[in-house]
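Remarks on the overall topology
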Amino acid sequence: MKPDSNMPSSAVAPALSSAVAPAFPERADRAPLAILSADGDAIVQRILRAVFERRGWFVCQVSDGREALDALQAERFDLVVLDLNLAYLNGFELLDALGKRPAAARPRAVVASAQTQPEPVLRAFQLGADDFVDKPLVPEILLARIERLFKRPGM
Amino acid sequence: MFETWLIIWQTLWSTPLYRALLILIALELGAVGAMIGWMIIQSARQMRQARAKRRFLEALEDDFFSALAQPHSDELRGWMQRAKGYDARLVREFLADVMLHTRGGSYDSVVGLYHEFGYAQGDRQRSHSRNARTRLRALRRLYVLGSAEDRPALRAQANAEYRAQVLAMQTLARVGQPEDIVELLQVTRLYSQMMEEPVQAALSQLSTQSLGYIFARWQQFECGRVRRILLSAAARQRLSGVDEMLRPAAQSEDIEVRIGACEAAGSLQGRASLQLLLAALEDPSWQVRARATRALGRRQEPAAAAPLAQALKDRAFWVRQGAAGALGMLGPAGAEHLAHVAAHCDDRYAAESAAQELQRSQRRLERAV
């Protein structure tokens with residue numbers, strides 16, 4: 001079962017509890033990834049969704065940091081792809097919140113941001129980001145980084 | 001009834017003052033009517049455009065994103081063929097909006113198809129429009145979806161206003177050759193720091209080789225700010241020839257070029273550039289002196305401690321601030337000078353600057369602990 005990709009972002013988190021929960025069991029090696037994508041830009045969201053869904057991965061999308069935190073508390077994700085410039089709770093705060101979770105319940109985090117100066121990149125890694133990709137996004141690079149992160153080249 | 005109105009009308013019209021008033025009222029009513037009519041026409045046009053856009057998005061948006069996820073398939077070509085049935089302006093704007101956010105294989109395919117289907121040609125034509133809005137919108141689309149084919153249209157923006165020039169420059173930094181950038185930089189005039197940012201962004205996209213090509217023609221640029229930006233960028237990239245260029249730049253009559261020499265010297269190592277910065281502390285312009293203090297701070301040269309302590313007594317506030325900050329960055333040697341000036345200097349301003357910097361250093365230290 002797949003989350004409704006046309007659902008408004010604010011409605012995604014509560015809807016997930018009932019709609020998606022059975023689809024994200026304990027990770028098996030070949031199981032599709034469950035991804036939370038947090039980005040305030042609707043076009044970036046559409047691109048990410050198209051790219052991830054083409055891979056057969058499950059995507060839940062939120063448009064600000066607060067919704068991202070709600071979704072993370074409601075559901076279990078393998079990966080969070082987040083922008084640093086999020087409303088209410090920015091990317092750094094979200095990474096910080098992720099870092100406080102127990103290791104077993106902590107999803108991997110890939111930051112996708114146009115803030116490519118050394119300071120924000122360094123800070124993102126210090127707060128626990130697993131990888132960083134620049135914007136404008138190059139989907140091939142993002143996918144390669146995710147595959148490397150999960151060490152599943154045949155995915 | 002009609003006769004009564006006719007009598008009133010004849011009475012009014014026969015009196016010059018009332019006649020003038022009647023004409024005035026008629027003109028005003030005409031003007032208001034024309035404005036209302038214009039607004040109705042505009043609203044109808046906007047509604048028609050919005051409807052057309054909605055229809056376009058409903059029919060093609062999902063399919064486009066789906067095709068975008070398959071860089072090497074024919075889906076994108078099929079999508080472009082379907083899009084030909086819609087208003088070209090909608091297709092162009094949609095593609096420019098979406099493709100601004102992505103690069104890679106799909107992006108390259110869309111750029112190729114954008115040119116193949118003639119949309120880029122339309123943009124090239126519009127980039128010469130007399131209407132500034134039309135011209136800038138076309139240049140924005142070329143910024144996102146332009147290719148080397150569009151170089152002549154972009155180079156032609158050398159004769160245009162600043163915004164068109166920088167859009168063309170940023171596009172050429174991606175799709176053009178360094179000589180294109182040189183052509184535009186020769187005519188670019190920058191009057192404020194805000195105007196510098198887009199030029200810096202364009203230069204930052206260039207390879208070291210391209211930047212070297214442009215820097216070799218440094219003397220050809222008339223605008224001091226352009227020369228300063230270029231000198232700083234060249235020093236950051238450690239391009240050959242920067243050292244030789246520093247001395248004439250430091251002696252330039254143009255204050256911006258002298259500031260550029262200080263910025264460049266701050267990114268370099270070696271005695272010659274250090275001497276240049278120490279000499280710049282005596283420059284008649286406070287902007288140059290302030291930039292020299294900051295550059296010395298960035299280099300963290302212990303040999304600069306005494307001249308920087310002297311600069312704490314400068315008559316310009318920003319020079320004193322820069323000198324205090326630079327001494328703070330020098331570590332114990334700088335802190336010693338700051339403490340001495342704060343405790344013993346007769347110059348109130350120098351003592352205050354030193355004391356403030358010591359407090360800032362202390363706070364930084366506490367935060368670090």
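In this text, all values refer to a predicted model and were calculated from it rather than measured experimentally.

Quick look at the overall build of chain B
For chain B, the count of helices and strands is 21 helices and zero strands. Here chain B has a C-alpha radius of gyration of 31 Å; the compact-globule value for 369 residues is 21 Å, and the former is much larger. For chain B, the spread of C-alpha atoms along the principal axes amounts to about 100 × 75 × 50 Å. Of the contacts formed within chain B by residues at least 6 apart in sequence, a portion of 62% connects residues at least 24 apart. Element-wise, carbon and sulfur atoms account for 54% of the exposed surface of chain B, whose accessible area totals about 20100 Å². With 48 positive and 39 negative side-chain charges, chain B shows a separation of 3 Å between the mean positions of the two kinds.

A short note on the confidence of the model for chain B
The predicted model of chain B has a mean per-residue pLDDT of 92, with 99% of residues at 70 or higher. Here the complex is predicted with pTM 0.79, and the ipTM for its interfaces comes to 0.78.

Remarks on the interface of chain B and chain A
Every contact between the two is made by 19 residues of chain B and, on the other side, 13 residues of chain A. In total, about 1300 Å² of surface goes out of reach between chain B and chain A, with carbon and sulfur atoms giving 58% of it. Among the residues of chain B in contact with chain A, B:Phe65, B:His101 and B:Arg103 are the three that bury the most area, contributing 46% of the side total. The interface formed by chain B and chain A includes three salt bridges. For B:Glu75, the salt bridge is made with A:Arg54, and the minimal N-O distance between the two is 3.4 Å. The set of elements that each furnish at least two residues to the side of chain B that touches chain A consists of helix H2 (16–68), helix H4 (88–99) and helix H5 (105–116) of chain B. Top contributing element to the side of chain B that touches chain A by residue count: H2(B), with six residues.

As for the pattern of salt bridges
Residues and elements named next belong to chain B. Under the defined criterion, the tally for this structure stands at 35 salt bridges over all chains. A salt bridge links glutamate 196 to arginine 225, with the nearest nitrogen and oxygen atoms 2.5 Å apart. Of this pair, glutamate 196 sits in helix H11 (residues 193–204) while arginine 225 sits in helix H13 (residues 224–236), placing them 29 residues apart in sequence. Of the residues examined, arginine 225 reaches a relative accessible area of 18% and is grouped as buried.

Details of the environment of A:Ala114
Residue and element names in this part refer to chain A. Relative to the helices and strands, alanine 114 resides in the loop between strand S4 (108–113) and helix H5 (118–126). In this structure alanine 114 comes out as exposed when scored by relative accessible area, which is 55%. Placed 60 residues apart in sequence, alanine 114 and arginine 54 show a C-alpha to C-alpha distance of 24 Å.

Brief notes about the sheet that holds strand S5 (residues 131–134) of chain A
Residues and elements named next belong to chain A. Pairing within the open sheet is parallel, and its five strands lie in the order S2-S1-S3-S4-S5. Lying at the two open borders of the sheet, with one neighbouring strand each, are strand S2 (58–62) and S5. Taking the axes of each pair of neighbouring strands and ignoring which way they run, one obtains an average angle of 20 degrees across the sheet. Alignment of S4 against S5, held across four bridges, turns out to be parallel. Counted as the bridge partner of valine 110 is aspartate 131 from S5. On top of the sheet, helix H3 (residues 65–74) reaches strand S1 (34–38), S2 and strand S3 (79–82); it is set at about 160 degrees to S1, its chief contact. Here helix H4 (residues 91–99) sits on the sheet and contacts S3 and S4; the angle it forms with S3, its principal contact strand, is near 165 degrees.

Examining the packing of helix H10 (residues 178–187) of chain B against helix H12 (residues 208–215) of chain B
Residue and element names in this part refer to chain B. Running from N to C, H10 and H12 point in directions that differ by 40 degrees, and their axes come no closer than 9 Å. Between H10 and H12, the crossing angle belongs to the class labelled oblique. Of the two elements, H10 crosses H12, and the hand of that crossing is right-handed. Residue-level contacts link Pro178, Glu179, Ile181, Val182 and Leu185 of H10 to Ser210, Tyr213 and Ile214 of H12. For the contact of H10 with H12, the per-class residue count stands at six nonpolar, one polar and one charged.

A few points about a nonpolar patch on the surface
Residues and elements named next belong to chain B. A cluster of nonpolar residues, Phe2, Leu6, Trp9, Trp13, Ile23 and Leu27, forms a patch on the protein surface that exposes about 640 Å² of accessible area. Taken together, the elements giving at least two residues each to the nonpolar patch come down to helix H1 (2–14) and H2. In terms of residues, the nonpolar patch owes the most to one element, H1, which gives four residues. Structurally, tryptophan 9 can be placed in helix H1. The partly exposed category is assigned to tryptophan 9, whose relative accessible area is 42%.

Quick word on a positive patch on the surface
Residues and elements named next belong to chain B. Taken together, the side chains of Arg45, Arg48, Arg51, Arg54, Arg55 and Arg133 make up a positively charged region of the molecular surface. A per-element tally of the positive patch places H2 first, with five residues. The topology assignment puts arginine 55 in helix H2. Of the residues examined, arginine 55 reaches a relative accessible area of 51% and is grouped as exposed.

Section: the packing of aromatic side chains
Under the counting rule described, the total for this entry stands at twelve aromatic pairs over all chains. Centroid distance A:Phe52 to A:Trp57: 5.7 Å. Interplanar angle 35 degrees. Geometry classified as tilted. Each member of the pair A:Phe52 and A:Trp57 is classed as buried. For the ring pair B:Phe64 and B:Phe65, a centre distance of 5.9 Å and an interplane angle of 75 degrees mean the geometry is edge-to-face. Residue classification places B:Phe64 among the buried positions, given a relative accessible area of 0%. By relative accessible area, B:Phe65 is classed as buried at 2%. Aromatic ring contacts, followed pair by pair, group B:Phe56, B:Phe64, B:Phe65, B:Trp79, B:Tyr86 and B:Phe94 into a single cluster. Across from the ring centre of B:Tyr213, 3.7 Å away, lies the NZ or CZ of B:Arg217, which sits over that ring. Positioned above the aromatic ring of B:Tyr349 is the side chain of B:Arg348, whose terminal nitrogen or guanidinium carbon lies 4.9 Å from the ring centre.

A short note on the side chain of B:Glu357
Residue and element names in this part refer to chain B. By secondary structure assignment, the location of glutamate 357 is in helix H21 (residues 348–368). A polar contact of 3.0 Å, which involves the side chain of glutamate 357, links it to the side chain of arginine 360. The contact partners of glutamate 357, leaving out residues within four places of it in the chain, are Ala324, Gly325, Gly328, Leu338 and Arg364.

How each quantity is defined
Residues numbered from 1 in each chain as written. Chains lettered and ligands numbered in written order. Predicted model: local features only at pLDDT ≥ 70, side-chain atom pairs only at ≥ 80, totals over all residues. Heavy atoms only, no water. Helix = DSSP H or I, 4+ residues; strand = E, 2+ residues; numbered from the N terminus. Rg over C-alpha atoms; globule rule 2.2 N^0.38 Å. Contact = heavy atoms within 4.5 Å. Areas by Shrake-Rupley, 256 points an atom, 1.4 Å probe, with all protein chains shown as cover. Lys, Arg positive; Asp, Glu negative; His and termini not counted. Charge placed at Lys NZ, Arg CZ, Asp CG, Glu CD. pLDDT = per-residue confidence, 0-100. Buried area = accessible area lost by both parts, 1.4 Å probe. Salt bridge = Lys/Arg side-chain N within 4 Å of Asp/Glu carboxyl O. Buried < 20%, exposed > 50% of the residue type's maximum accessible area, 1.4 Å probe, protein only. Pairing = 2+ DSSP bridges. Axes fitted to C-alpha atoms, helices over the stretch in contact; angles between N-to-C directions. Parallel < 35°, antiparallel > 145°, perpendicular 65-115°, else oblique. Left-handed = near helix turned anticlockwise from the far one by under 90°. Nonpolar A, V, L, I, M, F, W, Y, C, P; charged D, E, K, R; others polar. Patch = residues over 30% accessible without salt bridge, like charges linked within 9 Å, V, L, I, M, F, W, Y side chains within 5 Å. Phe/Tyr/Trp six-rings, centres within 6.5 Å; stacked < 30°, edge-to-face > 60°. Lys NZ or Arg CZ within 6 Å of the ring centre and 35° of its normal. Polar contact = N/O pair within 3.5 Å; in protein donor to acceptor, adjacent residues only side chain to side chain.

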